[in-house]
Number of protein chains: 2
Amino acid sequence: MNTRDEALALDAADPLAHLREQFDIRPGLIYLDGNSLGVMPKATPARVQQVVAQEWGTGLIGSWNSAGWMDLAPRIGDKIAQLIGAKPGECVAADSTSVNLFKVLSAALTIARADAPQRMRIVSERSNFPTDLYIAEALAAERGLELVLADNPEELPALLDARCAVLMLTHVNYRTGRMHDMAALTQLAHAAGALALWDLAHSAGAVPVDLRGSGADFAIGCGYKYLNGGPGAPAFVWVAPRHAERFWQPLAGWMGHAAPFEFTPGYRPAPGIRRYLCGTPAVLSLAALECGVDTVLAAEAHGGMAALRQKSLALSRAFTALVEVRCAGFGLSLVSPHDDAQRGSQVCFAHPTHGYAMVQALIARGVVGDFRAPDILRFGFTPLYLRFVDAWDAVEQLRQMLSHEEWREARFNQKAAVT
Amino acid sequence: MNTRDEALALDAADPLAHLREQFDIRPGLIYLDGNSLGVMPKATPARVQQVVAQEWGTGLIGSWNSAGWMDLAPRIGDKIAQLIGAKPGECVAADSTSVNLFKVLSAALTIARADAPQRMRIVSERSNFPTDLYIAEALAAERGLELVLADNPEELPALLDARCAVLMLTHVNYRTGRMHDMAALTQLAHAAGALALWDLAHSAGAVPVDLRGSGADFAIGCGYKYLNGGPGAPAFVWVAPRHAERFWQPLAGWMGHAAPFEFTPGYRPAPGIRRYLCGTPAVLSLAALECGVDTVLAAEAHGGMAALRQKSLALSRAFTALVEVRCAGFGLSLVSPHDDAQRGSQVCFAHPTHGYAMVQALIARGVVGDFRAPDILRFGFTPLYLRFVDAWDAVEQLRQMLSHEEWREARFNQKAAVT
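Residues numbered from 1 in each chain as written. Chains lettered and ligands numbered in written order. Predicted model: local features only at pLDDT ≥ 70, side-chain atom pairs only at ≥ 80, totals over all residues. Heavy atoms only, no water.

## As for the interface of chain A and chain B
We apply this condition: Should any heavy atoms of two residues lie within 4.5 Å, those residues are counted as being in contact. Summed over both partners, the accessible area lost on bringing two parts together, with a 1.4 Å probe, is the buried area. Each salt bridge in this description consists of a side-chain nitrogen of Lys or Arg and a carboxyl oxygen of Asp or Glu lying within 4 Å of one another. Under the rule applied, a polar contact is a pair of N or O atoms within 3.5 Å (in protein, one hydrogen donor and one hydrogen acceptor; residues adjacent in sequence only if both atoms are side-chain atoms).
With 77 residues of chain A at the contact, the number on the chain B side is 78 residues. Summed over both partners, the interface of chain A with chain B buries about 6,500 Å², with 70% contributed by carbon and sulfur atoms. Along the contact surface separating chain A from chain B lie two salt bridges. Put simply, Arg143(B) and Glu142(A) hold a salt bridge, and the shortest N to O gap is 3.3 Å. Applying the counting criterion to the chain A and chain B interface returns 19 residue pairs in polar contact (both at pLDDT 80 or more).

## As for the sheet that holds strand β13 (residues 376-380) of chain B
How we decide: Two strands make a pair as long as DSSP finds a minimum of two bridges between them. Helix numbering and strand numbering both begin at the N terminus, where a helix is a DSSP run of H or I of at least 4 residues and a strand a DSSP run of E of at least 2.
With antiparallel pairing, the four strands of this open sheet are ordered in space as β9-β10-β13-β12 (chain B). Lying at the two open borders of the sheet, with one neighbouring strand each, are β9 (333-334) and β12 (370-372) of chain B.

## Some remarks on the packing of helix α1 (residues 4-12) of chain B against helix α14 (residues 388-403) of chain B
Residue and element names in this part refer to chain B. Using the following cut-off: Comment: axis = line fitted to C-alpha atoms, over the contacting stretch for helices; angle = value between 0 and 180 degrees taken between N-to-C directions. Roughly parallel refers to an angle under 35 degrees, roughly antiparallel to one over 145, roughly perpendicular to one between 65 and 115, and oblique to any angle outside these ranges. The nonpolar class holds Ala, Val, Leu, Ile, Met, Phe, Trp, Tyr, Cys and Pro. Asp, Glu, Lys and Arg form the charged class, and all remaining residues, Gly among them, are polar.
Look at α1 against α14: their axes get within 7 Å of each other, and the N-to-C directions meet at 155°. Classified by the angle their axes make, α1 and α14 are roughly antiparallel. Here Arg-4, Ala-7, Leu-8, Leu-10 and Asp-11 of α1 come into contact with α14, specifically with Phe-388, Val-389, Trp-392 and Asp-393. Residue composition of the contact of α1 with α14, grouped by class: six nonpolar, no polar and three charged.

## A word on the packing of helix α12 (residues 304-326) of chain A against helix α14 (residues 388-403) of chain A
Residues and elements named next belong to chain A. To keep things clear, this is the line we draw: With the far helix as reference, a near helix turned anticlockwise by less than a right angle produces a left-handed crossing, and one turned clockwise produces a right-handed crossing.
One way to put it is that α12 packs onto α14 with a least axis distance of 9 Å and a crossing angle of 25°. By the angle between their axes, α12 is roughly parallel relative to α14. The chirality of how α12 crosses α14 is right-handed. Here Lys-311, Ala-314, Leu-315, Phe-319, Leu-322, Val-323 and Arg-326 of α12 lie close against α14, whose contacting residues are Phe-388, Ala-391, Trp-392, Ala-394, Val-395, Glu-396, Leu-398 and Arg-399. Considered class by class, the residues forming the contact of α12 with α14 number eleven nonpolar, no polar and four charged.

## Regarding unusual backbone geometry
With an omega of 0°, the peptide bond running from Ala373(A) to Pro374(A) counts as cis. Tracing the sequence through the fold places Pro374(A) in the loop between β12 (370-372) and β13 (376-380). Phi at Glu405(B) is positive, roughly 50°, even though this residue is not glycine. Among the structural elements, Glu405(B) can be located in the segment after α14.

## Points about the environment of Asp340(A)
All names here are of chain A. As for its position among the elements, Asp-340 is in the loop between β9 (333-334) and β10 (346-350). Spatially, the C-alpha atoms of Asp-340 and Ala-136 are 30 Å apart, while their sequence positions differ by 204 residues. Sequence-distant contacts of Asp-340, defined by excluding residues within four places in its chain, comprise Arg-309, Leu-313 and Arg-317.

## Some remarks on the relation of the copies chain A and chain B
Our working rule: Least squares is the method for superposing the copies, and the C-alpha atoms it fits come from residues with pLDDT of at least 70 in both.
Between chain A and chain B, which share one sequence, the superposing operator has a rotation angle of 180° and an axial displacement of 0.0 Å; the RMSD is 0.0 Å. Here the symmetry operator amounts to a two-fold rotation axis. Closest approach to the rotation axis within chain A is made by the C-alpha atom of Ser285(A), at a distance of 3.0 Å.

## With respect to the sheet that holds β12(A)
Residue and element names in this part refer to chain A. Strand order in the open sheet formed by four strands is β9-β10-β13-β12, with antiparallel pairing between adjacent strands. Looking at strand neighbours, the two that pair on one side only are β9 and β12, the edges of this open sheet. Note that β12 and β13 share three bridges and pair antiparallel. Counted as the bridge partner of Asp-370 is Arg-378 from β13.

## Some details on the side chain of Ser96(B)
Here Ser96(B) is to be found in the loop between β2 (91-94) and α5 (97-114). Among the polar contacts made by the side chain of Ser96(B), one reaches the main-chain amide nitrogen of Val99(B) at a distance of 3.2 Å.

## Side note on the packing of aromatic side chains
The test is simple: Each pair of aromatic rings taken from Phe, Tyr and Trp, with Trp reduced to its six-membered ring, is defined by centres within 6.5 Å and is described as stacked if the planes are under 30 degrees apart, edge-to-face if over 60, and tilted in the remaining cases. Burial classes follow relative accessibility: with a 1.4 Å probe on protein chains only, a residue under 20% of its type's maximum area counts as buried, one over 50% as exposed, and anything between as partly exposed.
Evaluation of the coordinates by the stated rule reveals 31 aromatic pairs over all chains. An angle of 55° between the planes, with centres 5.9 Å apart, marks the rings of Phe129(A) and Phe263(B) as tilted. Remark: Phe263(B) occurs in the loop between α10 (241-244) and α11 (283-297) and Phe129(A) occurs in the loop between β3 (121-125) and α6 (130-143); the pair is interchain, linking two chains. Across the pair, exposure class does not vary: Phe129(A) and Phe263(B) are buried alike.

## Quick word on the confidence of the model for chain A
To keep it simple, the criterion reads: Values of pLDDT, ranging from 0 to 100, describe the predictor's confidence in every residue of the model.
This prediction gives chain A a mean pLDDT of 96; 99% of its residues lie at or above 70. This prediction of the complex comes with two scores: 0.97 for pTM and 0.96 for ipTM.

## Quick word on the pairing of strand β6 (residues 195-199) of chain B
Residue and element names in this part refer to chain B. To keep it simple, the criterion reads: When the strands point away from the viewer, a crossover counts as right-handed if the path from the first strand over the helix to the second runs clockwise.
Judged by how many residues are buried, β6 sits mostly within the fold: five of five residues are covered. What you see with β6 is no split at all: Leu-195, Leu-197 and Asp-199 on one side and Ala-196 and Trp-198 on the other are buried throughout. With five bridges connecting them, strand β5 (residues 164-170) and β6 associate as parallel partners. Note that in β6 the partner of Thr-170 across the bridge is Asp-199. With helix α8 (residues 182-191) bridging β5 and the parallel β6, this β-α-β connection has right-handed handedness.

Below, the structure is given as structure tokens:
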């Protein structure tokens, strides 16, 4: 892709191009932040309005049955299952990623240590998303266990030994976009007698995931990134069927009870994945999440995640090559892997001193990426709605911004709470 | 209140009557289920639409700052604080009631047992809402503690002794409407060296609550009942300032971190109540919750919770008296306390055999109450939008339904998942 016309030609030939029509992206906006908050599907406002004004406003309490609110969490879970190599009845949408991690890490530790109490370690990476590390740190403290962090992925295999209870990793790294080999690491964990727990926050809807095929034990993921579920959308939780009924998770709320409306005092967990529900589901947010998941499922008729993956790689390869050629000499260095097999659906560059201001200056030009401390410029490529011409134009805007040193402007250097 | 005209006259003289105009309740509907799911405020659809279509749809990731999404949880918490005798900065809206209970019960147990490890008991009631008991049961199992349940409230004082770590109660009982004396029981708990944790699910927005004045240690509550926050609205959590920074709760997600966007691996809890946040807040559901809370705060200019309480008691007294006189001989027996001081904002009757079908037959007549197993007909009185004529008409419909034995119809005897 050496000219803008070539980019336009690639879009014209793209069999997934029409999927962008599910969204209403304003002209001139190049949104490379779908890995932080996916864009709003066109269908969402009407669906949410229906839930608010009709199902709640008119149907009131009766809508728990008549509008199927009770089935939202498993129904959306079944849809997400299709995107992550799982089967119906294995996944539910609920709570936040952090809360779901607490549930499955509790389960994983209890199951892994049942016959091997000497396994005292949760193994993860220092570069894992912080909330995952915080939850693991808290659980380790509660249970008198140890959280051991690898400084880079290459150290992981050596940490998978008889002391390891659970290997807890995020499939695609939030800062670098580096993707682990889920099957290989799961196999190593199992060979060491440990269990493998995967955070799919930057994977679900972004790259093909095969939980069953890889032998994974537990997984969680985010609803508001590549699944386009809206700000703070509920997350999801998956448990391998062989483990699903071996544990009562400690967030033993009534929606995970075998018969929530019997109102009996003793906890009896529901069969299967439903026991990973806790409190009353957030119906409005779930309805929006379902609209988002449907936009990804719309690709199923056109090759599904495999086709999306091909487009994502083509986009990120083109973007990377263009930045390296056209923005050379500005101090940006590629952080994401060049190797397709090791890269998720984002491309990151580091700048030693001015990354934050550069991202802000680029946003002012209509190219929305984000900054991740301390030095990362992050560009997410959501193949569902991004075009090759977006990749081309993004690089051109980046080049102009850097050439004009716009990042020096004071307004781009004032840090806000969230970038 | 002996005639319908008297009821109409009471409504005409009611200084809170105009608060009903905040809602769009269809003519003929008498909704006595606001203690299960509050009605939709007129303001909610437009506000939710604004959040979806503008803040998310147009503002995208930038709305975390520009639309104040980061401040929603503490801002709504501050509003709820006004209704429960708390101060700004002491309460946040987040997660579900069950998840929040896990946080504060974890904290309460750790703090209570820090200097008194022999305190091995969580004391509660067998008739507490089941999800509270499930969470307590799970936590007790995790920590090797004991959950001790009183069969009736009179047994509680004797259980508050040197073995008790935490007294965990729901202020207003979900089945009977019986209300505890929060100050007296908290004082008894403290005298025994224990801490007091209150579930305000049926209290917040329904009865005056004075958390600070009563000396309470921890509280949680529900957003979708009397606070009109919508189906599955986020819940809230309050911690007495003297305890707020004594504990890192185990659901140590990034939103409870002192600097969430530093993305540093070690958990440093935020000061004060913010450390009781966990994952990314469910923005759509929080926006709807805020509209609901605002409908209750609208009463502040007209006497606030004290005035709402007077009206609630007048409604429930009138309803009870009318049922006892006009529906005598049909086998209904009052379960809620006659004594105003012991009754929340609901009135419950038991029927030994046909309670479920009776509730269904009454719903078919436009009077929506609910059934709580095994034998309770439950009628919630939300003074914010109910009228005296509603109480009158509800009894008249109940009387006719019972007289005609409509509950015998087969269609009213088929149990659905939720009633």
